[in-house]
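Residues per chain are reported as follows:
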Amino acid sequence: MFDYIYKKLYILGLFTARYITRFFRHLIRFLAKPVKALGTVLFAAFLVIDRFVLNSVKAVRDEIKELFGEIKGVSSDIKNVFKQSKKQGAGVLGGYIKKAFAKHGLVFSVLTNIITPILALLVLIATFQYWHNMQLGLKITYNNADIGCVDSETVYLNAQEKATKRLQTAIEANEGATLIKTAQYQIVPVKLTDLNDSEAMCNKIIERSDSDITNACGVYIDGEFLCAVKNETDAVTVFDNILSAYNANEGDMVSFVENISYVQGMYPDNESTIWDAAKLSEKLSTKKSEAVYYTVAAGDTISGIAQKFGISTAKVYELNPSVAERIHVGDNILISSEVNFVRVQVTRTEVRAVSIPYDTVRVETASLYKGVNKTVQKGVNGEQQITELVTYIDGVRVSAKEVSRVTTREPVSEKIQVGTKAYASSRYGTVSYSSGGTVTSYGGKFVWPAIGAYNVSSGFGGRRNHGGIDIVRPGGNSTGATIVAAAGGTVVSASYHSSWGYNVLIDHGNGLSTRYAHMLPGSFKVSSGQRVSAGQPIGNIGSSGNVTGPHLHFEVYVNGRRVNPMGYLGR
C-alpha cells in the first residue's frame, strides 16, 4: 500500500511540475523570473517531501515488516525457554527487547510520536469530564466535624433556622443555652450528587448539637412547628379523624384551611417537643381565639360600634342577623366569631333556582278611552337554575362561585292595552259614550258621576251637615243608573259600609279623592288597586246602607277633608 501511495504521489509531482512549466511558458515574457522562481521552489518542496517524508514512511514500513518478522521467528524459542525456566525466559525476553529497541529505534520513535498525542488527548477528555461533573461548593465544619457540603451559604442558613426551631424546646429547657454552634466554611470542588439540601443539613446540625435528640415526625401548621410525633401514621390519623367527623355529602371536598405538613427528621427528645397522639388531638380541639362580644351602652349605634372595633357595619349585621337598626342598652353584639385551632373547609356543589322578572309591554288601542288600561295577558316570572361551588368553613358559608346558569322557564311578558280614544264634545263640554248612556261634563275638574241622573236632591252641608250631594234621575226611578269615575285615579276600596252601603273610594292624587255610596249590590265593576279613567263605569245606583230611597251619594275629599263637590263638577 505504501508503494502504491508513493508512486501516485511521485507521478502527481512530475505531472504537476510539467504542466506548471508549460502554463508559465506562455507568460515568460511578463513573468519570466517570478515563474522560474516559483517553479524552482515547488520542485524543491517536492524533492524535500519525497526525500524526507515519503522515504521515511517507506523506511518505517520496511523496519516494521522486519520487526514483526523477527518477533515471529523468536517467539517459539522464547516460549520454550519460559517452559524450562521462567527466570531464564524473562532474561532472554529482556535481552531481545533491548536489541529490538537498539536495532529498530526508528519504529519505536514513530510509535511514541503517534501514541503520546493520543494519550494526551484522552487525558484532556477525562479531565474535562471530571470537572464538568464538579462545581464549587461550601464544605461545612460544625462543632469540630465536617458535616457535608452545600451549594451556597443560603442553604446552610436556612438549615440553621430550621434546626433552631426544632431545638426551641430544648433551648428553653436549658434556660437559653446556645445549642446551635458557629460553623466554618471552606470553598471546595464538589460533585453535584454530594450536595446537601437544607433539610438534610438541618438533621446533621441537630445530630451534632449538645442535646438529646430522636428521630420523629414533625407536625407543621402553616409552616410553624407545633410538635413531633414518634410515628407519622399516628399524627396523620389524628388529623384524618377531624376531617371524617364532618358528615360530608358524596362529591364534597373536605380539607383544612391551614396547610398541614409532616417533616421526618431529628428533634429534641423531651416532653415539650415529642407528643403522643392523644396530646396532639387535645391541642387541635382547642380554640385559636374565642368569640368577642360587646355590650351595648347608652348612645351606642351600630355604625359607632363597628368603627370602634375597626370593622364594617355590614360585618356587624352579618355576624348578628337578628339585630335590627334599633339596638337597646344591654344587648350583646358579636364582634368576632370564635376560631378553631385548625379549621375545616368543605366545598360542595349546590343548585338553586332564581326568578327572572317578566317585563311589561304596553300597547295603545283606540278601543279604550284615554286613561283606561286593560291587562290582556298576565305576566309570569321565569326561572333560572344556578349551579355554584359553595365553600363552608367550620359550617359557616363564606363564599360561592357560580359555575353555570341555565334558564329552565322563560318569563312571559305582561301585556297591557292603553286607551287612546278621545272624549267627544257636547254643549256642556266633554263627553264619552259608555254602556248605559252619555258621560257629561259641565266644564269643571270632574265629569258628572252618573249617567242619566242629573238632579241634586240634597246639597252639601245645610242643617243636616250633609257631607256630599245626593244625585237622582228626574222623576225618580234612579235604581240601576250607571255610576262613572268623576276623574282618572286609583281605586282605594270597593267595599260595604253600614252607613254608605256598597261604596267605592277613588284616589286622584295630590290629596284629592272621591266617594260613591249606596250602590246597587253586586254592581261593582272595579276592584281595589285598579287604575280607572274619567267616565269609566264603576257600578250602578242603588239603595244599600242607611238610605230612604235609591240615589248616588257623591263626596269629594281634599287632604281627607270633605268639600262641596259642586265646584269640581262645574255646577
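Residues numbered from 1 in each chain as written. Predicted model: local features only at pLDDT ≥ 70, side-chain atom pairs only at ≥ 80, totals over all residues. Heavy atoms only, no water.

Participant: With reference to specific residues and values, describe unusual backbone geometry.
Facilitator: Its identity is not glycine, yet D222 carries a phi of approximately 55 degrees, on the positive side. If you trace the backbone, D222 turns up in the loop between β4 (213-221) and β5 (224-229). For N510, which is not glycine, the phi torsion reads 55 degrees and is therefore positive. By secondary structure assignment, the location of N510 is in the loop between β26 (501-509) and β27 (512-519). (Helix = DSSP H or I, 4+ residues; strand = E, 2+ residues; numbered from the N terminus.)

Participant: I'd like to hear about the environment of S303, residue by residue, with values.
Facilitator: With respect to the helices and strands, the residue S303 is situated in helix α10 (residues 302-308). Spatially, the C-alpha atom of S303 lies 8.7 Å from that of V316, the residues being 13 residues apart in sequence. Within the local environment of S303, its side chain forms a polar contact with the side chain of T301, the two groups lying 3.3 Å apart. (Polar contact = N/O pair within 3.5 Å; in protein donor to acceptor, adjacent residues only side chain to side chain.)

Participant: Account for the pairing of β26, with residues named and values stated.
Facilitator: Examined bridge by bridge, strand β25 (residues 489-497) and β26 share 7 bridges and lie antiparallel to one another. Looking at the pairing, S493 lines up with L505 of β26. Linking two consecutive strands that pair antiparallel, namely β25 and β26, is a turn of 3 residues. Looking at chain direction, β26 and β27 are connected through 6 bridges and run antiparallel. Following the sheet pairing, D507 is matched in β27 by S513. Taken together, β26 and the strand that follows it, β27, pair antiparallel across an intervening segment of 2 residues, in which N510 is found at a positive phi of about 55 degrees. (Pairing = 2+ DSSP bridges.)

Participant: Tell me about the pattern of salt bridges, and name the residues and values.
Facilitator: Under the defined criterion, the tally for this structure stands at 11 salt bridges. The salt bridge partner of R397 is E350, with a shortest N-O separation of 3.5 Å. Linking R397 in strand β17 (residues 396-409) with E350 in strand β13 (residues 344-356), this pair joins segments that are 47 residues apart in sequence. Overall, R397 belongs to the partly exposed group, its relative accessible area being 42%. Residues R405 and E402 are paired through a salt bridge, measuring 2.9 Å at the closest nitrogen-oxygen approach. Since its relative accessible area comes to 41%, E402 is described here as partly exposed. Residues joined in a network through salt bridges with shared partners are E350, R352, E388 and R397. (Salt bridge = Lys/Arg side-chain N within 4 Å of Asp/Glu carboxyl O. Buried < 20%, exposed > 50% of the residue type's maximum accessible area, 1.4 Å probe, protein only.)

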